[in-house]
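# Observations on chain architecture
This is what each chain is made of:
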2 protein chains.
Amino acid sequence: MVITSLDNEKVKKYRKLKKRKYREEYGEFIVEGMHLVLEAFKSGIIVELIMEENSAIPLPCPYVYVTREIIEKVSDLDTPTDIMALCKKLPDRDLIGNKFLILDEVQDPGNLGTILRSAKAFDIDTVILSENTVDLYNPKVVRATQGMLFHLNVISRKIAPILEILKNKEIPIYGSSVDYGIDVCELEKKDREKYALIVGNEGNGIRSTTLEKCDKRLYIKMNERVESLNVAVATSILLYELDK
Amino acid sequence: MVITSLDNEKVKKYRKLKKRKYREEYGEFIVEGMHLVLEAFKSGIIVELIMEENSAIPLPCPYVYVTREIIEKVSDLDTPTDIMALCKKLPDRDLIGNKFLILDEVQDPGNLGTILRSAKAFDIDTVILSENTVDLYNPKVVRATQGMLFHLNVISRKIAPILEILKNKEIPIYGSSVDYGIDVCELEKKDREKYALIVGNEGNGIRSTTLEKCDKRLYIKMNERVESLNVAVATSILLYELDK
């Protein structure tokens, strides 16, 4: 059977999931395109595939067929593909491992997604998103992670209590800086074994109340005519260097 | 005097400049917001300021006052500021210096802008944009460079003849790679003094005809479950490492 009506209850729900409020209410979100659907499948979070009528079902999951019109209304893309999946959000786990990345109010979905992709590449164990950070399940974030989101432990928490816990675990806390501190490439090997790196938002950097809790500030040496790098780039360079 | 009509010839031209075709025809483009206008002013490329009526003129330049409605129609932003500037394109110069970055068909404006900001940060002398690369004067590119565009030598050329010239100058040519070659952090000091780094596009990487011309392939060591990094991140890490 093919769903043809925009008034169908399933279709109404899919469309609601474009908004953060409903993603939080239902605990679900939508991914688009074969690559992301496959990554979601490997993580066992698919509720159902949403397929354009007449397309082949590529994975052993529940599915619904819908018309092209519905695909276009549900999709976040200018040119939607013929496959989407309704997914359960990942379980909210705890602080795992000994390499942490803390994002303090990062606003741009593309930046958050790109940072998560780099966090996986450079072996971060847990990413902590502060209050007021862009939603992890925003479609642009999910796309920019290229599916790496599903292979990372990402949790949403207030920063202050997290820093207390990390201090009790004797994890050194580093803050990214544009102007002073230690050149990250001069950090000793022993200081790269466990850490929590805090990165601030696009406009203002790290909040001062958070900054006070940092054991060290790390900067990236660069041409002095450049005030700063893009936040996803700066974070990725710091993670790359810490992972050496 | 304040321009109030959308049919005014100046206003018509400003709006045309949203399209690459007209930016090329007129050799002009528009920047928005005080930060970018100031960077354009320092580079001496401002033709005239486009100001919302009643706002103070901050720089000694020719200016026109327009209504808020016109600002909103000319702007590329969701929430436009009260200052824009019509600018002349930067002069198309030649291959300068001994550190080159070649972008082969990079498509996303945010990625191009971010890469240019990093290129300035890590002391690239000349950036070469291949045929089919996104337009340097696309408003999203200009914004993402944070004005660094005006302090860089960026030229648009076909890649094949550029590589011939660089080979004649004995500049070693490096291609970015996701899977083989030399770990960039193991590159010897002498191999970081002059080079041309080629970076491919988001989906396909470097074209094979270009790859054949590379003296070395450079990769970034990372978690093997991650296929690749965002192209702006990968390029920035390579430039950061080469600049050491």
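Residues numbered from 1 in each chain as written. Chains lettered and ligands numbered in written order. Predicted model: local features only at pLDDT ≥ 70, side-chain atom pairs only at ≥ 80, totals over all residues. Heavy atoms only, no water.

## Here we look at the overall build of chain A
Scanning chain A for helices and strands turns up nine helices and twelve strands. Within chain A, the fraction of its 244 residues that count as buried is 54%. A fraction of 74% describes how many contacts in chain A between residues 6 or more apart in sequence connect residues 24 or more apart. In the structure as shown, chain A presents an accessible area of about 11000 Å², 47% of it carried by carbon and sulfur atoms. Charge centroids of chain A, computed over 36 positive and 39 negative side chains, lie 2 Å from each other. (Helix = DSSP H or I, 4+ residues; strand = E, 2+ residues; numbered from the N terminus. Buried < 20%, exposed > 50% of the residue type's maximum accessible area, 1.4 Å probe, protein only. Contact = heavy atoms within 4.5 Å. Areas by Shrake-Rupley, 256 points an atom, 1.4 Å probe, with all protein chains shown as cover. Lys, Arg positive; Asp, Glu negative; His and termini not counted. Charge placed at Lys NZ, Arg CZ, Asp CG, Glu CD.)

## Description of the relation of the copies chain A and chain B
By a simple turn and slide, chain A fits onto chain B: the slide is 0.0 Å along the axis, the RMSD is 0.0 Å, and the turn is 180 degrees. Taken together, these values place the two copies in the relation of a two-fold axis. Every residue of chain A has its C-alpha some distance from the rotation axis, and the shortest such distance is that of Val-233 of chain A, at 2.6 Å. Interface overlap between copies is the fraction of interface residues in one copy that are interface residues in the other; for chain A against chain B it reaches 100%, indicating a shared surface. (Least-squares fit on C-alpha atoms with pLDDT ≥ 70 in both.)

## Digging into the side chain of Thr-126 of chain A
All names here are of chain A. Of note, Thr-126 is situated in strand 7 (residues 126–129). Look at Thr-126 and you get buried, because its relative accessible area is 0%. A distance of 2.7 Å separates a polar side-chain atom of Thr-126 from the backbone oxygen of Ile-96. Setting aside anything within four residues of it in sequence, one finds Thr-126 in contact with Asp-94, Leu-95, Ile-96, Lys-99, Phe-100, Leu-101, Asn-153 and Ile-155. (Polar contact = N/O pair within 3.5 Å; in protein donor to acceptor, adjacent residues only side chain to side chain.)

## Here we look at the domain arrangement of chain A
All names here are of chain A. Partitioning chain A into structural domains gives domain 1 (2–88) and domain 2 (99–242). Relative to domain 2, the C-alpha centre of domain 1 lies at a distance of 31 Å. Taken together, the contacts link twelve residues of domain 1 with 13 residues of domain 2. Across the domain 1 to domain 2 interface the summed buried area is about 1200 Å²; carbon plus sulfur atoms make up 60%. With a closest N to O distance of 2.8 Å, Asp-135 and Arg-23 form a salt bridge. (Domains from an automatic or database assignment. Buried area = accessible area lost by both parts, 1.4 Å probe. Salt bridge = Lys/Arg side-chain N within 4 Å of Asp/Glu carboxyl O.)

## Details of the sheet that holds strand 11 (residues 195–199) of chain A
To summarise the sheet geometry, strands pair through backbone hydrogen bonds and adopt either a parallel or an antiparallel arrangement. Residues and elements named next belong to chain A. Across the sheet, seven strands lie side by side as 8-7-6-11-9-12-10; this open sheet has parallel pairing. Strand pairing shows two members of the sheet lacking a second neighbour, strand 8 (153–156) and strand 10 (182–183), which therefore form its edges. Across three bridges, strand 9 (residues 173–176) lies against strand 12 (residues 216–219) in parallel orientation. The residue of strand 12 that forms the bridge with Ser-176 is Leu-218. Seen against the sheet, helix 9 (residues 231–242) touches strand 6 (99–103), strand 9, strand 11 and strand 12 and runs at an angle of roughly 165 degrees to strand 11. (Pairing = 2+ DSSP bridges. Axes fitted to C-alpha atoms, helices over the stretch in contact; angles between N-to-C directions.)

## Here's the deal with unusual backbone geometry
Its identity is not glycine, yet Glu-170 of chain A carries a phi of approximately 60 degrees, on the positive side. Note that Glu-170 of chain A resides in the loop between helix 7 (159–168) and strand 9. Even without glycine at this site, Gln-146 of chain B takes up a positive phi of about 55 degrees. Summarising the element assignment, Gln-146 of chain B is placed in the loop between helix 6 (139–145) and strand 8 (153–156).

## Quick notes on the environment of Leu-187 of chain A
Residue and element names in this part refer to chain A. Relative to the elements of secondary structure, Leu-187 occurs in the loop between strand 10 and strand 11. On the accessibility criterion, Leu-187 (5% relative accessible area) is buried. In this structure the C-alpha to C-alpha distance between Leu-187 and Glu-241, which are 54 residues apart in sequence, comes to 9.0 Å. Excluding anything up to four places from it in sequence, Leu-187 contacts Tyr-174, Ile-182, Arg-192, Lys-216, Leu-218 and Leu-242.

## Remarks on the sheet that holds strand 9 (residues 173–176) of chain B
All names here are of chain B. Pairing in this open sheet of seven strands is parallel, and the strands run 8-7-6-11-9-12-10 from one edge to the other. Edge positions in the sheet fall to strand 8 and strand 10 (182–183), since each of these pairs with one other strand and no more. Sheet analysis places strand 6 (residues 99–103) next to strand 11 (residues 195–199), joined by five bridges and oriented parallel. Bridge pairing links Leu-101 to Leu-197 in strand 11. Strand contacts of helix 7 (residues 159–168): strand 6, strand 7 (126–129), strand 9 and strand 11, with the helix running at about 160 degrees to strand 6, the strand carrying the most contacts. Lying over the sheet, helix 9 (residues 231–242) contacts strand 6, strand 9, strand 11 and strand 12 (216–219), oriented at roughly 165 degrees with respect to strand 11.

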